[in-house]
Amino acid sequence: MAQDIKESGSKRLVRISVRNLVEFVLRSGDIDNRHSAGAQKEAMLAGGRIHRKIQKRMGANYRAEVPLKHTVEDEEQEIVLLVEGRADGIMEEDGIVTIDEIKGMYMDVGRLEEPIMVHLAQAMCYGYFYCCDKELDGVRLQITYANLETEEIKRFHVDRSREELEQWFKNVVHEYFKWARYQYHHELVRDNSIRGLEFPFPYREGQRDLVVSVYRTIARGKRLFIQAPTGIGKTLSTVFPSVKAIGEGKGEKLFYLTAKTITRTVAEEALRILRGNGLVFSSVTITAKEKLCPMEKTECNPDACPYAKGHFDRVNEAVFDILHLEQEMTREKILEYAEKYQVCPFEFCLDISNWTDGIICDYNYVFDPNVRLKRYFAEGAKGEYLFLIDEAHNLVSRAREMYSAAIVKEDVLEVKRIIKGKTPKLEKQLDKCNKLMLAMKRECEEWQVLEDITGLAASVMSVFAEIETFIEDFPEFEGRETVLDFYFCLRDFLNVYEQLDDHYRIYAENIGASYFQVRMLCVNPARLLSQCMSQGSSTILFSATLLPIKYYKTLLSGNEEDYAVYANSPFEEEKRLLMVATDVSSRYTRRTESEFRKVADYIRAVAGGKSGNYMVFFPSYQYMAEVERIFEEEPLEADLLVQGQGMGEAERKEFLEEFEKERGHSLVAFCVMGGVFSEGIDLKEERLIGVIIVGTGLPMVCVEQEILKGYFDETEERGFDFAYQYPGMNKVLQAAGRVIRTHEDEGVILLLDDRFLRREYLELFPREWEHYHMVNRNNVEQCIEDFWDSRT
C-alpha cells in the first residue's frame, strides 16, 4: 500500500490515497480467484479510455477528475493523516450534488445487483470530503459500471447525509491510525540506528569508491550502471549506501531485485550483517506463490483451500503481529506465521511488504505488467523507491519475455473443443479467430514479419470478452485450467498490443507441421523498463558482466547519460591463469570428430595439471555428448559429472554437493553454457580450481535472433553484435566467473576457441583479463604446470 510519510511541523504527515485506504481497512471474507478475473481487468484498465468516454458524454454540468483531499489528526496528536484522490466526476442538478465513481470491467455489468463495497467506499470518501469543502448537508453517490467491450453502462445511486459519511469515515481512519503510529515509531528507531551505522568490514580496493558512487547517485535521483568483478562485495556495496540514504530521508523503501533465488539469499545475508552492527531495518523476501503455497494444488478459493477461506478477516492481525516481533521476514518466517493465523502465505507476504523498509524479490514484481506489485505501481503511481538490480545482465532477456506475447492457433482450437456445446457465442468467436489465423498460416512459409495485426487483435478482444463471461457462468468443468491459461494468454496479448511501437517486431511462424503462432516481440525493452524505473527515485544496476556498457544502457534504460562505474578487480592477477587456445574452434562448420578430440585433449591436460574440481562449459548438450562419448571410449583419469537436461532442484543440489567431497583425484563436471550452473553458484577456494569454456557462447540461429539482428542492423548498425556476440560473451564471462570468488581463490581459465583472439572479442575482455597466454595442445601442459608451481 503506497503511502508517503513526511514531517509536518512537530507532527508526522502520512499521505495515503483514497483507494488504498478503503481497500486496506474494509477488506473481509475469502480469497476467491474464480471470480477475480473481472476485478483484475478493472484494476488494469481503471482510469483508461472508458473513463474519458463516459466523462465526455456527461455534458457541461459534469466536472471530471476533481482532486479532493482531507486531513485528520490521531488522538495522540502525533500524526496528521492526509487522504487524497480524484473523484471521477462531480455534477450538480436541481440542487443535488452527485459524486460519480466510474469502473470499467469486461464482465457483464447487467449481472451486478448492487455496487461493490470498495467502489462505494471510495465514493463515500469523496462525498464526505466534498461535503466538508462546500459545507453541504449531504450528497448523492453514483457508481457507474461500464463494460469495456460493449460500453454497456449500469448505475447505482445512494444518498448519504454528511453526518452519516462523517461517522463512517471516522471509523475507517480510526482503524488505520494504529498502523500509521506503528510506522511512525518504527521509522524513528530505524533512522536513529542508521545514523551511527558504519560499513561492517575494512574496505577492499575500489569498494569505498563504489559505495560513494551509489550514495551520490541516490542523492541525485539518478541511475547508475556498475561493472564490478565477482568478489568485490557488490551486494554490501550497494545495500549499505542505500540504507544510509533512507536514514537521511533520500528514499522511502528499498527494492532489492534479483533473477535467481541464490542472489536473494545473498541480499538477506547483507542485511543480516548490518543488523548485527546495530541496524534496525525490516525486510521481507517475496517468494513465488507456487513455492509458498502449503496446499498440494494451488487453488485460491474457499472451497479448495482453508487458508483462502476467511483470509481477509485474519490477515491484518497476522501482519501486525509479525511486524512487531520480526525484522527479517524470510520464506520460513512467513510460512510459520501464516500457519499460526491460517492465512494465505503469498497474500500475507505481499501485505507485509506495505510496512517493511526493504523488499527482496524477483524482477517480475517491479517490471512485469502482469505480476508487478499494483499496490506500489498501479496507474503510474510513484514513490521514493530505491531499486537495486542484481545480476542486471539477466534483465535484458527477462524483460523481452515480460513485454512480448503470442497467440497459438492450436490453443484456439483446443479451447473450442473443451467448451463445445456450452456457449454458442464463444464458439462462434473462437471459430472466427481460428479462420483468421488459418488464413495467416497459409500465407506464411517458415516465418514472416507482419506490419499490422489489427484484425487479429479485434478478434482476440471479442474472444476475450466472451471467455470472461463463460468463466463466470461455468465455475466447474473439465479442462477449466486449460481455458484459464488461454484466458490469461489473451490478456497478455491484448496488453502487449496496446504497447506496440517501434521497439517491437511482429512475426508469424510455422513451427513444424502443426504449430502456428503470431508473436509480438519486444526487441528493445528500454522504454518500458525505464517507465518502471521512473516510478522510483533512483536505480542501481550491477553485475560482474555488464560489458559493453553501451549495449546494456541501450537495452535497459535507453539513456546514454546514465552514470556508469567500472570497478577494478581487488584480486591478485598472479592467482589466476587465463589461457586462450589457438588451435581449436567450436564453429558449426568445424564441429567434427577431430575438433571434439582436441577439446578432450585440453580437458585431460587441465584436469591432470593438479588434482581438484573443474567445470567444463559446452555450447550445447549435443556437443557435450560428443565429448562425453570420447571419454567413454578412452576414460578420463578423473570422476566425470554430467549436467542432465531439465534437472530438478534436488538433482541440482546433489550435483553441487559433489564439489564438497574430498578426493585424491580430480572431478570434472560437464555443464552447458548459459545453464543453471554457469552463474549464481558460489564454489569458493578448493571447491573449484579451474573452468574450461568451449566456444564463444553465441546463441543458436533462430527466428527470434534473426529478427533481433535485423532490428539492430537498422537502429544501431550492429545487428550481429547485439543479437549474437554480446549475449554470447556475457555467457562466457559468467561461466569464467565461477572460478575466482574470494581473495584466497586460485585457478585456471581456458577459453577453447580461436575467435577469442580476434580484435572484436579482445575488446570485450574485462580489464582483469588484460594479460592472457596463447596456448596450443603442445604447450598447454607446460603452461599449467608452470602456473601451479608458482603457487606453491
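Whatever comes next refers back to the structure up there.
Residues numbered from 1 in each chain as written. Predicted model: local features only at pLDDT ≥ 70, side-chain atom pairs only at ≥ 80, totals over all residues. Heavy atoms only, no water.

Visitor: How do you make sense of the overall build of the protein when you look at a structure like this?
Guide: Helices and strands together make up the secondary structure of the protein, namely 28 helices and 26 strands. For a compact globule of 792 residues, the expected C-alpha radius of gyration is about 28 Å, and the protein comes in at 29 Å, within 12% of that figure. Reported as C-alpha extents along the three principal axes, the dimensions of the protein are approximately 100 × 70 × 50 Å. A total of 792 residues make up the protein; the buried ones form 56% of that total. Across the protein, contacts joining residues at least 24 apart in sequence account for 77% of those joining residues at least 6 apart. Carbon together with sulfur atoms contributes 46% to the accessible area of the protein, which is approximately 34,200 Å² in total. (Helix = DSSP H or I, 4+ residues; strand = E, 2+ residues; numbered from the N terminus. Rg over C-alpha atoms; globule rule 2.2 N^0.38 Å. Buried < 20%, exposed > 50% of the residue type's maximum accessible area, 1.4 Å probe, protein only. Contact = heavy atoms within 4.5 Å. Areas by Shrake-Rupley, 256 points an atom, 1.4 Å probe, with all protein chains shown as cover.)

Visitor: Hey, could you run me through the pairing of strand S22 (residues 638-642) in this one?
Guide: If a strand is regular, its side chains alternate between the two faces of the sheet. With five bridges joining them, S22 and strand S23 (residues 666-672) adopt parallel strand pairing. In the strand pairing of S23, Asp639 is matched with Leu667. (Pairing = 2+ DSSP bridges.)

Visitor: Help me understand helix H25 (residues 703-715), please; the structure alone is not making it clear to me.
Guide: Because each turn of an α-helix spans 3.6 residues, side chains separated by three or four positions in sequence point in the same direction. Compared with an ideal rise of 1.5 Å per residue, which puts 13 residues at 18 Å, H25 spans 19 Å between its outermost C-alpha atoms and is within 8% of the ideal. Taken residue by residue, H25 has Val703, Gln705, Ile707, Leu708, Tyr711 and Phe712 as its buried positions. Structurally, H25 contributes buried residues whose contacts are with helix H15 (395-402), strand S15 (447-450), strand S16 (504-510), strand S17 (516-522), helix H21 (549-556) and helix H26 (719-736). A positive backbone phi angle near 60° is found at Glu717, which sits one or two residues after H25. (Expected span 1.5 Å × (residues − 1).)

Visitor: So what exactly am I meant to see when it comes to the sheet that holds strand S9 (residues 253-258) here?
Guide: Backbone hydrogen bonds are what pair the strands of a sheet, in a parallel or an antiparallel way. Strand order across the open sheet formed by eight strands is S11-S10-S12-S9-S13-S18-S8-S19, with parallel pairing between neighbours. Only two strands of the sheet have a single partner each, and these edge strands are strand S11 (328-329) and strand S19 (563-566). Relative to strand S18 (residues 538-543), strand S13 (residues 385-389) runs parallel, the two being bridged by four bridges. Bridging from a neighbouring strand, Phe387 pairs with Thr539 of S18. The strands touched by helix H8 (residues 261-276) within the sheet are S9, strand S10 (283-285), S11 and strand S12 (358-362), with S12 carrying the most contacts at an inclination of about 165°. In this fold H21 packs onto strand S8 (223-227), S18 and S19, with an angle of close to 145° to the strand it touches most, S8. (Axes fitted to C-alpha atoms, helices over the stretch in contact; angles between N-to-C directions.)

Visitor: Please clarify how the pattern of salt bridges should be interpreted in this entry.
Guide: Where side chains of opposite charge bring their charged atoms close, a pairing between them can arise. For the structure on display, the rule yields 56 salt bridges. Linking Arg587 and Asp754 is a salt bridge whose minimum nitrogen-to-oxygen distance equals 3.4 Å. Here Arg587, found in the loop between strand S20 (576-581) and helix H22 (593-609), pairs with Asp754, found in the loop between strand S25 (747-752) and helix H27 (759-762); they are 167 residues apart in sequence, far enough to count as distant. With a relative accessible area of 22%, Arg587 lands in the partly exposed category. (Salt bridge = Lys/Arg side-chain N within 4 Å of Asp/Glu carboxyl O.)

Visitor: Can you help me understand a positive patch on the surface in this one?
Guide: Positive charge collects at one region of the surface, where Arg208, Arg216, Arg220 and Lys222 lie side by side. The topology assignment puts Arg216 in helix H6 (residues 207-220). (Patch = residues over 30% accessible without salt bridge, like charges linked within 9 Å, V, L, I, M, F, W, Y side chains within 5 Å. Lys, Arg positive; Asp, Glu negative; His and termini not counted. Charge placed at Lys NZ, Arg CZ, Asp CG, Glu CD.)

Visitor: Explain the pairing of S12 here, please?
Guide: Most of S12 is tucked away, with five of its five residues classed as buried. With five bridges connecting them, S9 and S12 associate as parallel partners. Within the sheet, the bridge partner assigned to Leu257 lies in S12 and is Cys361. Examined bridge by bridge, S10 and S12 share three bridges and lie parallel to one another. Across the sheet, residue Val284 finds its bridge partner in S12, namely Ile359.

Visitor: Explain the environment of Tyr621 here, please?
Guide: Relative to the helices and strands, Tyr621 is located in helix H23 (residues 621-633). As a C-alpha pair, Tyr621 and Asn301 span 320 residues in sequence and 42 Å in three-dimensional space. In contact with Tyr621, other than residues within four places in its own chain, are Gln643, Gly644, Gln645 and Val672. Side-chain polar atoms of Tyr621 contact the side chain of Gln643, separated by 3.2 Å. (Polar contact = N/O pair within 3.5 Å; in protein donor to acceptor, adjacent residues only side chain to side chain.)

Visitor: Whenever I open this one, the sheet that holds strand S14 (residues 405-408) confuses me. Can you help?
Guide: Spatially, the four strands line up as an open sheet ordered S14-S17-S16-S15, and their pairing is antiparallel. Either end of the sheet is taken by a strand with one partner, and the two such strands are S14 and S15. The mean angle between the axes of side-by-side strands here comes to 20°, regardless of whether they run parallel or antiparallel. With seven bridges connecting them, S16 and S17 associate as antiparallel partners. If you follow Asn510 over to S17, its bridge partner there is Phe516. Docked against the sheet, helix H17 (residues 424-443) engages S14, S15, S16 and S17, running at close to 85° with respect to S17. Along the sheet face, helix H19 (residues 480-499) touches S14, S16 and S17 and points at about 130° away from the line of S14.

Visitor: How do you make sense of the packing of helix H4 (residues 117-134) against helix H5 (residues 162-195) when you look at a structure like this?
Guide: A packed helix pair is summarised by two numbers, namely the angle formed by the two axes and the spacing between the axes. Here H4 crosses H5 at 115°, and the two axes come no closer than 9 Å. H4 and H5 meet at a crossing whose hand is left-handed. Residues Met117, Ala121, Met124, Cys125, Gly127, Tyr128, Phe129, Cys131 and Cys132 of H4 form the contact with H5, whose own contacting residues are Arg162, Leu165, Glu166, Trp168 and Phe169. Here the residues of the contact of H4 with H5 are counted per class, giving 11 nonpolar, one polar and two charged. (Left-handed = near helix turned anticlockwise from the far one by under 90°. Nonpolar A, V, L, I, M, F, W, Y, C, P; charged D, E, K, R; others polar.)

Visitor: Can you walk me through the side chain of Gln725 in this structure?
Guide: Summarising the element assignment, Gln725 is placed in helix H26. Of note is the side chain of Gln725, whose polar atom sits 3.1 Å from the backbone oxygen of Glu760.

Visitor: Just to check I follow, could you spell out the packing of aromatic side chains for this structure?
Guide: Aromatic rings considered in pairs are described by the distance between their centres and by the relative angle of their planes. On inspection of all chains with the given rule, the structure shows 43 aromatic pairs. Ring plane angle 90° and centroid distance 6.0 Å describe the contact between Phe24 and Tyr176, whose orientation is recorded as edge-to-face. Taken together, the positions of Phe24 in helix H1 (residues 18-25) and Tyr176 in helix H5 put the pair 152 residues apart, joining distant regions of the chain. For the pair Phe24 and Tyr176, a shared accessibility class is recorded, and that class is buried. Here the aromatic residues Tyr551, Tyr552, Tyr711, Phe712, Phe722 and Tyr726 are joined through ring pairs into a cluster of three or more. The aromatic ring of Phe320 is capped on one face by Lys178, whose charged end is 4.7 Å from the ring centroid. Of note, Arg767 hangs over the ring of Tyr566, and the distance from its end group to the ring centre comes to 3.9 Å. (Phe/Tyr/Trp six-rings, centres within 6.5 Å; stacked < 30°, edge-to-face > 60°. Lys NZ or Arg CZ within 6 Å of the ring centre and 35° of its normal.)

Visitor: Mind showing me how you'd approach the environment of Val371 here?
Guide: Here Val371 shows up in the loop between helix H13 (364-367) and helix H14 (374-377). Each C-alpha atom, one on Val371 and one on Arg767, is 38 Å from the other, the two residues being 396 residues apart in sequence. Excluding residues within four positions of it along the chain, Val371 makes contact with Asn364 and Tyr365.

Visitor: Mind showing me how you'd approach the packing of H22 against H23 here?
Guide: Where H22 meets H23, the closest approach of the two axes is 9 Å, and the angle between their N-to-C directions is 70°. One element, H22, and the other, H23, form an angle in the roughly perpendicular class. Crossing of H22 over H23 shows right-handed handedness. On H23, the residues touching Glu593, Glu595, Phe596, Arg597, Val599, Ala600, Ile603 and Arg604 of H22 are Tyr623, Glu626, Val627, Arg629, Ile630, Phe631 and Glu633. Looking at the contact of H22 with H23 residue by residue, the class counts come to eight nonpolar, no polar and seven charged. (Parallel < 35°, antiparallel > 145°, perpendicular 65-115°, else oblique.)

Visitor: Got a minute to help me understand the state of the cysteines in this structure?
Guide: The term disulfide refers to a covalent linkage connecting the sulfur atoms of a pair of cysteines. Taken as a whole and judged by the stated rule, the model has zero disulfides. This cysteine, Cys489, is not joined by any disulfide, and Cys433 carries the nearest cysteine sulfur, 10 Å off. (Disulfide = S-S within 2.5 Å.)

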